[in-house]
Amino acid sequence: MKKIVYTLLIASLMLTNQSCKNLLEETPISSVGAEYFNSQAGFEAGVKAAYSSLRDYYGREIGTNLTVFGTDTYTMGADGSYKYMNQYTTQFGSNVDILRDLWNNFYVAINTMNVLIDKANAGTVTGLTDANKNMRIAELRFLRAHHYFILVQNWGPVALTLTGNLEPKKDFTRASVKEVYAAITADLEASLAVLPNTTTDYGRATKGACEHLLARVYLTKATSEAAASDDYAKAATYAQNVTKNYGYALLSDFANVYNQANQINSEVIFAVQYTNDALTDIGPSGTGATVNGNQTHLFFGNEYDVQAGMKRDLANGRPWKRYMPTSYLLNVVFNPADRTKDSRYKKTFKDTWYTNNPGTFTNVFDNSKSKVTLAQGDTAIYIPGVEWTTAQRAAKPYQVLVPSLYKPNLFPVLNKFLDPLRQDVTAEWGNRDWFVMRLAETYLILAEANLKLGKMQEAADAINMVRVRAAWPGQQEAMKVSASSLTMEFIMEERERELLGEMFRWYDLKRWGILVDRVKKYNTDAAAGIQAFHNLRPIPQTQIDRTTGGASAFPQNPGY
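As a starting point, this report considers the structure included with it. Here the residue index of a chain counts from 1 through its sequence in written order. Reporting of local features is limited, given that this is a predicted model, to residues whose pLDDT is at least 70; pairs of side-chain atoms are given and counted only at 80 or more, and all residues count toward the totals for whole chains, interfaces and linings. Values shown for side chains rest on all heavy atoms present in the structure; no hydrogens or waters enter the calculation.

On to unusual backbone geometry, then. Residues other than glycine seldom take positive phi values, yet tyrosine 82 does so here, at roughly 65°. A relative accessible area of 12% places tyrosine 82 in the buried class. The phi dihedral of tyrosine 88 falls on the positive side, at around 55°, and the residue is not glycine. Secondary structure elements follow DSSP: runs of H or I of four or more residues count as helices, runs of E of two or more count as strands, with numbering from the N terminus. Considering the arrangement of structural elements, one finds tyrosine 88 in the loop between α5 (83-87) and α6 (97-122). Each residue is placed in one exposure class: buried if its accessible area under a 1.4 Å probe, protein chains only, is under 20% of its type's maximum, exposed if it is over 50%, and partly exposed if it falls in between. A relative accessible area of 4% places tyrosine 88 in the buried class.

This is the structure in C-alpha cells:
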C-alpha cells in the first residue's frame, strides 16, 4: 500500500474530519460523506482511511509513551514532555492529550469501519462485487478488532459499538472486558475465513496477520477478566499456524530486521507504512494537523550532538532524550556475561560515534582526560557497555562512556529506529515502516503459550528459533535453552531482548500481573508513584462529559 498512502490519507481527512471524529462532539456525518461511501470509489477510499488510522498510534509519540515509558526497562531521559507518564504522578489523569487523542482517533476510525461494513452488507455500494465486498468487510473487521484490542488493554471496559452512527449519539456505556474480547475474537475469526494468504497490495491484512493477532489476543485474554480455559491452547494453535503455513521466515541476521533498505522482508507479517514525503504526513485522522511521520527516531537518542567532536547529523538523529534505559535492562536483560554468544546487545544499541566536527575540546564528559583532539572521521564517543578503569579510558584518544557515567542525557542508544533517510537534520517525520507484527514475536507467543500448557519441549523449540538466529557465529548451540531450564522469567527477558522498544513492554507487564512490582523494583523514577490502579489508564474526561448521565453512565476508572 505504500504507493497509495497519499490517496489514503486524503480519504481519511475528507471522510472522518467532517464525520466520524465529530461524532463524539455531537455533529452527525454529513450527507456528502455518507453518499460518497455509496460509490465504489468512495467505499474503497473509506477502507484506505481505516488503514490510515493505524498511523495515529504506531511509530508515534502516543504509542511509545504508553508502552515504553513507566516500565521496568525504560525510564525518563533529560528532556521531553510527559515525564509524569513515567513517574505515575497525578498529572497522569483524565485530561492528558495523548490519551484523549488515541481514544478519539480510534473511535473515529471504528465508526468509519462500522459505517462501511453496514453499507456493504446492505448492498448500497454501487459497482462492488460480492467477492470484493466480502474481502473489504474482512479487512475492516480485522482493523476494528485491532483497535478494540488496544482500547481494552489500556482502559478495560470501553464503549463497544459495532454499527455505524450517522446521527448524534450521547448514550454510551462501558461494555465489560468479556464483551469486548468476544467482539474482538468474533471479528478476527470471521475475517480469517475470508482474508487471502498473500496480497499484492502490501500493507493490507492477510490470513497470516489475522492468525498472528488472534494468537496475541488469546495470549492476553488468558490473564484478563475474560479468561477462558482454552485461551493458551488457541494462542498456541494460531501462532503455530503462522510459523508453518504462510512462508514467513526469520532473517538470518538480527541486525537486518531493521535494515531500512530491506523493510519489506520475509519476517514482516504486517506493517504500517510511512514515506519520506512531507506532503503525505497528514493527520492524525480527522484533525488536519501534521503527523511528522514515524517519530520513533526522536525518542531513544542521547545528547551526542553537543559533545566533543560532534554536531547533529542525519546518521545519528535528532535526539529528544525521552527514554533512558534502566540498569535492569542493560545489566540483567542484556547481561554482559551473555554478550559473547548473543549478538543482540551489540546490534540493538549504538556504541560508536564518529567525529563530524573536528578540533580540540576541553568540555569532555570522560573524566579520565582533560581534553581530546579529534580529526574528521575519528572515533569521538565509544560506549563499551561495561565498566572500564580510568587508566583504560585515559589510553584512548576519544571519550569513553561507561555505565558509571550514564546520566539522563548520556546513555546507550537504541538504534533500530534511527532514520538517516530523513529529509534534513531538523525533520521530525521519518519514513521507516512500523512493524506491527513480525515472525520473531510469533515464536515468542508460541513459546509462552506452550509453557503455560506445560509443553516444555515445544516451548523451548519455539524460543530457540529466535535465540539461534541471534547467536554470534559458532555460538548457536550455546544460545539454546533446554526445556528443563526454561522459565517464565526467561521468556519475560527474552521478549525484551528481541522486541525492545517495539511497543509491547507495558502491555506485557500488565498481562503478566507484575507491572507494579517490576516498576517499583527497577524504575527508580516511577517507584514512588505507581499503584495498582495504574494497570488501567484514565478515561478521557471529554468522553465522560459528552455522555448522557456523565460519570454515572460512563464512570471513570478507579484511582483517577
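Moving on from the model shown.
This part takes up the nonpolar core. Across soluble globular proteins, you tend to see nonpolar side chains buried next to one another. Ranked by size, the top nonpolar core spans 163 residues in total, and within it Tyr57, Tyr58, Tyr74, Phe142, Leu151, Ile184 and Leu188 carry the most contacts. Counting residues per element, this core draws most heavily on α6, at 13 residues. Only heavy atoms enter the contact rule, under which two residues are in contact if any of them lie within 4.5 Å. Discounting residues that sit within four places of it in the chain, tyrosine 58 has contacts with His146, Ile150, Arg216, Val272, Tyr274, Trp434, Val436 and Met503. As used here, the term nonpolar core means buried Ala, Val, Leu, Ile, Met, Phe, Trp, Tyr and Cys residues forming a set that is joined through side-chain atoms within 4.5 Å.

Before going further, it helps to spend a moment on the sheet that holds strand β9 (residues 399-400). The pairing criterion is simple: DSSP has to find at least two bridges between the two strands. Strand order in the open sheet made by the three strands is β5-β8-β9, with mixed pairing throughout. Whereas interior strands pair on both sides, the edge strands pair on one side only; in this sheet they are β5 (352-354) and β9. Across three bridges, the pairing between β5 and strand β8 (residues 379-382) is antiparallel. Its bridge partner being in β8, threonine 352 is matched across the sheet by tyrosine 382.

Cavity: a set of points on a 1 Å grid over the protein atoms alone where a 1.4 Å probe fits but cannot get out. Pocket: an open set with protein on both sides within 12 Å along at least five of seven lines, its lining residues, like those of a cavity, having an atom within 4 Å of a point. Grid points are joined across faces, edges and corners, and a volume is the space filled by probe spheres set on the points. Within this structure, the stated rule accounts for four cavities of 30 Å³ or more. Within this model, the largest cavity holds a volume of roughly 180 Å³. Forming the walls of the largest cavity are 18 residues, and the residues nearest its centre are Gln153, Arg216, Met503, Phe504 and Tyr507. Elements that contribute at least two residues to the lining of the largest cavity include exactly α7 (130-155), α9 (207-221), α14 (439-452) and α18 (505-511). For the lining of the largest cavity, the per-class residue count stands at 10 nonpolar, two polar and six charged. For this classification, Asp, Glu, Lys and Arg are treated as charged, while Ala, Val, Leu, Ile, Met, Phe, Trp, Tyr, Cys and Pro are nonpolar and the rest, including Gly, are polar.

To continue, consider the packing of helix α3 (residues 40-52) against α7. One way to put it is that α3 packs onto α7 with a least axis distance of 10 Å and a crossing angle of 25°. Of the possible angle classes, the one that applies to α3 and α7 is roughly parallel. As for how α3 packs across α7, the hand of that crossing is left-handed. Along its contact with α3, which presents Gln40, Phe43, Glu44, Val47, Ala50 and Tyr51, the element α7 presents Asn132, Arg136, Glu139, Leu140 and Leu143. Fitted lines through C-alpha atoms serve as axes, helices being fitted only where they are in contact, and the angles separating the N-to-C directions of these axes extend from 0 to 180 degrees. Should an angle lie under 35 degrees it is considered roughly parallel, over 145 roughly antiparallel, and from 65 to 115 roughly perpendicular; all remaining angles are considered oblique. A crossing counts as left-handed when the near helix is turned anticlockwise from the far one by less than a right angle, and as right-handed when that turn is clockwise.

As a further point, take the pairing of β8. With two bridges joining them, β8 and β9 adopt parallel strand pairing. Directly across from tyrosine 382, in β9, lies its bridge partner valine 400.

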